[in-house]
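# Report on the structure
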Amino acid sequence: MLAPESKQLLLVLDAEVLCSALMCKAVDIPDLLDRASQRSDKLHSLSNMLALELESDLPAIGRVTMPRPAMCHTSSLLTPNDKEQALQVSESTLMSLARSLLKAWQYPVGVLSNSANLLPHQSKASISNKLQELQEHSRNLEDGLDVLSGKMGPTAQILSTLPYRGGSDLGQDKMSKLINFNFLLSCLRRDSHKIDSFLKVLRCRAANMQPNLC
Amino acid sequence: MMKNDGGVRVFWLLLLFLLYTRGKSFSVPGKPTLTRCRSPEKETFTCWWEPGSDGGLPTTYKLYYRKEGSEKEYQCTDYHTGGKNSCFFNKNDTSIWVNYNITVVATNALGQALSDPLNIDVYFIVEPNPPENLNVTIQNDKGWPFLRASWDPPTKADTRSGWITLIYELRIKLEEEDEWEIHHVGQQKVFNIFGLQSGGTYVIQIRCKPDHGFWSEWSDDVQVVVPNYFPNKRSAWVLLMVFSGMVFLILSWLLHLNSRNLKHCILPPVPGPKIKGFDQKLHKSGKSVDAFKSLEVPDFPHHTFSKSEDFLVEYIEVYVPEEQELMLEKSNNLHNGCLKSESSVSDCDSGRGSCDSHTLLLDKSGHQTNTQDSQTDEQKHGEALQGENLAYTHQDMVSPDMSAGRVKTWPSVFSPLPQNRSTVDQTSSIEIAKQHCLSDSLLPSDFLTPYHSPPGHCTREHLGSNYWEFDFGNKQPHLTQPQTEACHQIQAHSEININTGVKAEPAAHKFPTPRSNEYVEVQRINEEDSVVLRPVASNYDKLFEMQQGEDYSRVKGVDSDNVLLLLQKEAMEEEMNMCPCEQLTDTTGAHYTRFARSPEKPTACTHPTPQPLEERVVNGYVDTATMFTMPPY
């Protein structure tokens, strides 16, 4: 069963084919981007909440021993680091980057979701729920971006592989589980913000007819 | 020389320095603390710290930082833009999605102190400046004004490219109020406000927030005065009053229209007592006879009799002692009226004397007191009588629910039979009979009431309160073994009852109607529990010839018209009401008066049913009112 957004996007795709054949107006890419941005916004909100929730319970020793952010499995992907760089990057590249990041997190999010119940945390039920919701949003966004990228050229189709080498479990003992959970979530938090920012930049670039949006 | 001068200078400086700082302690500086870092537009950011103690010496602060993925240590270049104890990172030094590890070092002459490192990333420290150029104008919408607020994003925030996405929030209040009204605006930069107070002065503020960041400060106030668009406040009140007045008028009119119905609903009329066939108007007019005529049963048995002189309207009077009367009155609240009317009547001609005469059963005189005593007890128990295994059941004397015939007995005299009937003792059997009869007698409402007899019968005034009427039913099917027993016992009971509680009043009761005024009085109770009756003084001579000491009335039975057929003697066959249980009569010698039940005739006590009274005089007083219902005591 396809997600509603992907169904929507598929319809858009069909419509676009028809439209281009009939020389009618282009399909509403800005609208699609708007929807994609909204979903990525939600995705980041969830990951932000989760990361902050777990960080508060992490003991000081955990903070010290936590791996540096450079150790995130997606850190090898070169992304713009400031506004100038970001605005210079082409739309296709931005889309490709967003999609790559998203795809890189598909498996680790599953690992997080599965490990949530074993997490030694008092509110692990709510954490588990949020992770499941996050997973769903991620999948939907992925499908939507796949459709969108189809309209944006070949560069948008390039996907960088960013393998996750963390393993299926997050550690043997309780402390390592907590630390790894925190670390992964902090990485996800940042990457989801990247995705969201890229899509919003893309949205504003495509919304020439809607100045009120940007 | 020069060197000496330099050394002297240094010495003096040191001395001065020492003098200056005399009395103070010096130490290394305290640890500074990095408080927060903020980026207003995701392009630059500023960090602030809190210095520790300076240790009494001038302290310098320096900020060092490392970026993610590099071990190179950078130093802050701008300590002023952000204010005191701050470090400003300009665009060149700012990278997003890069982790910064920042440390502040405090240094004084004696040492230095390092702060705890702070790890930040620009993407989660975004706090924009407040929106700018807030402008509120008054617009008109068909005569109703509204406010339109418009603003600009903070200058540095680049929302145009989508690098930063801002959402806004507006708040408004009247100048004199304290509570703000907050409106969430979203990404747009224009907002309309409606529902304004005429002539009021409003204060509006705006603020913004990035999609994932902190709220900005509120912008400066903007005041606006709403013009008076509502012509007259008073007119609104006038309108309201007029409208409510109209509503009130309509409601009162509706209420008035339906007043009768409402009255019936709220205060329903109290139903008055009614008797079927009883014409109140006639009664009021004074023609009481006519009034009651409609209540007469058309084919009363006495009409079937050829000779009316065969009828003897005679009553067995039983004197009820005062205390018993009182008890009765109390126990039978429903029939208070009847009772009172009864008791108030003088019964000089009630024939009570016959009962009290010396011819009373002297053999049983000893039992009199006993029975009288027991009567009281029995009377008390009268109400608590349970249904016997007879066909007749009653709960108390008041209950009218007689399944079969009813025997009117004297509540005061009769008492409920004790459950134990095994006693063969005569006394107890009499008592049993007494009770039995009581049990049989369910004459709730028609007990002892003065009845409106057919013409010729005794009038009410002549009847004392001690009148008892036996209502003999003709319910042959109801005859059962117990019933015969009951009848037998009733007979005995009646004997006793007749004996007991009867005052010695020699006055003979003269009945106007009966041809042969033959009163029976109870002479004694014989061994077979038969009432030995004998004629009373007035007709005594006449009847006395006929029987000497063996006078008794024998109930032949009850005929179809519920008339008690009594036999004066075996020889004398008079038309009498027959007890249904006559078949068990011992024809040889058991003479007795048996009382059967009569069909139930429940009536109100106030209006005695004018059923034709079957009065028979056999040998004494026999209360043979069959159809007649008397109010119970």
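Residues numbered from 1 in each chain as written. Chains lettered and ligands numbered in written order. Predicted model: local features only at pLDDT ≥ 70, side-chain atom pairs only at ≥ 80, totals over all residues. Heavy atoms only, no water.

## So, the overall build of chain B
Helix and strand content of chain B: 13 helices and 21 strands. Residue pairs at least 24 apart in sequence account for 70% of intrachain contacts in chain B once pairs closer than 6 positions are excluded. Here chain B has roughly 30200 Å² of accessible surface; of this, 56% comes from carbon and sulfur atoms. (Helix = DSSP H or I, 4+ residues; strand = E, 2+ residues; numbered from the N terminus. Contact = heavy atoms within 4.5 Å. Areas by Shrake-Rupley, 256 points an atom, 1.4 Å probe, with all protein chains shown as cover.)

## So, the sheet that holds strand β1 (residues 33-38) of chain B
Residue and element names in this part refer to chain B. An order of β1-β2-β5 is seen for the three strands of this open sheet, with the pairing classed as antiparallel. Two strands close off the open sheet at either side, each with one partner strand: β1 and β5 (86-89). Recorded for the sheet is a direction-independent mean angle of 20° between the axes of neighbouring strands. Sheet topology note: the β1/strand β2 (residues 45-50) ladder contains five bridges and is antiparallel. (Pairing = 2+ DSSP bridges. Axes fitted to C-alpha atoms, helices over the stretch in contact; angles between N-to-C directions.)

## Digging into the interface of chain A and chain B
When the parts come together, some accessible area is lost, and that loss is often what is quoted as the size of the interface. With 27 residues of chain A at the interface, the matching set in chain B holds 24 residues. Here chain A and chain B share an interface that buries about 2300 Å² over both sides, 52% of which is from carbon and sulfur atoms. Looking at the side of chain A facing chain B, the largest losses of area belong to K83, R190 and H193 of chain A, adding up to 26% of the total buried there. In this structure, the connection of chain A to chain B is made through five salt bridges. Across the salt bridge formed by K83 of chain A and E43 of chain B, the nearest N and O atoms sit 3.2 Å from each other. Seen at the junction of chain A and chain B, the total is eleven residue pairs in polar contact (both at pLDDT 80 or more). For the side of chain A that touches chain B, the elements supplying multiple residues, two or more each, are α2 (29-57), α4 (83-88) and α8 (174-206) of chain A. Sorting elements by how many residues they give to the side of chain A that touches chain B places α8 of chain A first, with twelve residues. Looking at the side of chain A that touches chain B residue by residue, the classes come out as ten nonpolar, seven polar and ten charged. (Buried area = accessible area lost by both parts, 1.4 Å probe. Salt bridge = Lys/Arg side-chain N within 4 Å of Asp/Glu carboxyl O. Polar contact = N/O pair within 3.5 Å; in protein donor to acceptor, adjacent residues only side chain to side chain. Nonpolar A, V, L, I, M, F, W, Y, C, P; charged D, E, K, R; others polar.)

## Quick notes on the confidence of the model for chain A
In the predicted model, chain A carries a mean pLDDT of 85, and the fraction of residues at 70 or more is 85%. A low-confidence stretch, residues 18-25 of chain A (pLDDT under 50), is modelled with two contacts involving residues beyond four sequence positions or located in other chains. (pLDDT = per-residue confidence, 0-100.)

## A look at α8 of chain A
For α8 of chain A, spanning 33 residues, the distance from its first C-alpha to its last is 48 Å, which sits close to the expected 48 Å at 1.5 Å a residue. In terms of burial, α8 of chain A is a largely internal element, 27 of the 33 residues being buried. (Expected span 1.5 Å × (residues − 1). Buried < 20%, exposed > 50% of the residue type's maximum accessible area, 1.4 Å probe, protein only.)

## Points about the pattern of salt bridges
One pass over the structure, following the stated rule, counts 19 salt bridges over all chains. Salt-bridge contacts for E169 of chain B lead to R207 of chain B; the nearest nitrogen and oxygen are separated by 2.8 Å. With E169 of chain B in strand β11 (residues 166-174) and R207 of chain B in strand β14 (residues 201-210), this residue pair connects regions lying 38 residues apart in the sequence. Side by side, E169 of chain B and R207 of chain B carry an identical accessibility label, which is buried. Residues joined by salt bridges that share partners form a network here, namely D41, D196 and K200 of chain A together with D211 of chain B.

## Re the nonpolar core
Note that soluble globular proteins tend to have their nonpolar side chains buried in a common cluster. F181 of chain A together with F45, L63 and I102 of chain B are the most contacted members of the largest nonpolar core, which has 74 residues in total. In terms of residue count, the dominant contributor to this core is α8 of chain A (13 residues). Excluding its chain neighbours within four sequence positions, the residues that come into contact with I102 of chain B are L34, C37, F45, C47, L63, Y64, Y65, F89, D116, P117, L118 and I120 of chain B. Formed by 24 residues, the second largest nonpolar core is a distinct cluster that contains L134, L147, L166 and L170 of chain B. (Core = buried A, V, L, I, M, F, W, Y, C linked by side-chain atoms within 4.5 Å.)

## Some words on the UniProt feature "coiled-coil region" (unreviewed entry) in chain A
Per the UniProt annotation, the sites labelled "coiled-coil region" (unreviewed entry) are residues 124-151 of chain A. Here residues 124-151 of chain A is 100% helix and 0% strand, with 41 Å between the C-alpha atoms at its ends. (UniProt positions renumbered as here; feature names shortened; annotations may be inferred.)

## Describing a nonpolar patch on the surface
Residue and element names in this part refer to chain B. A cluster of nonpolar side chains, F243, V247, I250, L251, W253, L254 and L257, forms an exposed patch at the surface whose accessible area comes to about 720 Å². Residue position: L251 is located in helix α2 (residues 233-257). For L251, a relative accessible area of 51% puts it in the exposed group. (Patch = residues over 30% accessible without salt bridge, like charges linked within 9 Å, V, L, I, M, F, W, Y side chains within 5 Å.)

## Looking at the side chain of E169 of chain B
Look at E169 of chain B and you get buried, because its relative accessible area is 11%. In this structure the side chain of E169 of chain B is engaged in a polar contact, spanning 2.8 Å, whose partner is the side chain of R207 of chain B.

## What to know about the side chain of T59 of chain B
Residue and element names in this part refer to chain B. Among the structural elements, T59 can be located in the loop between β2 and β3 (60-67). Owing to a relative accessible area of 18%, T59 belongs among the buried residues under this scheme. A distance of 2.9 Å separates a polar side-chain atom of T59 from the backbone oxygen of L57.

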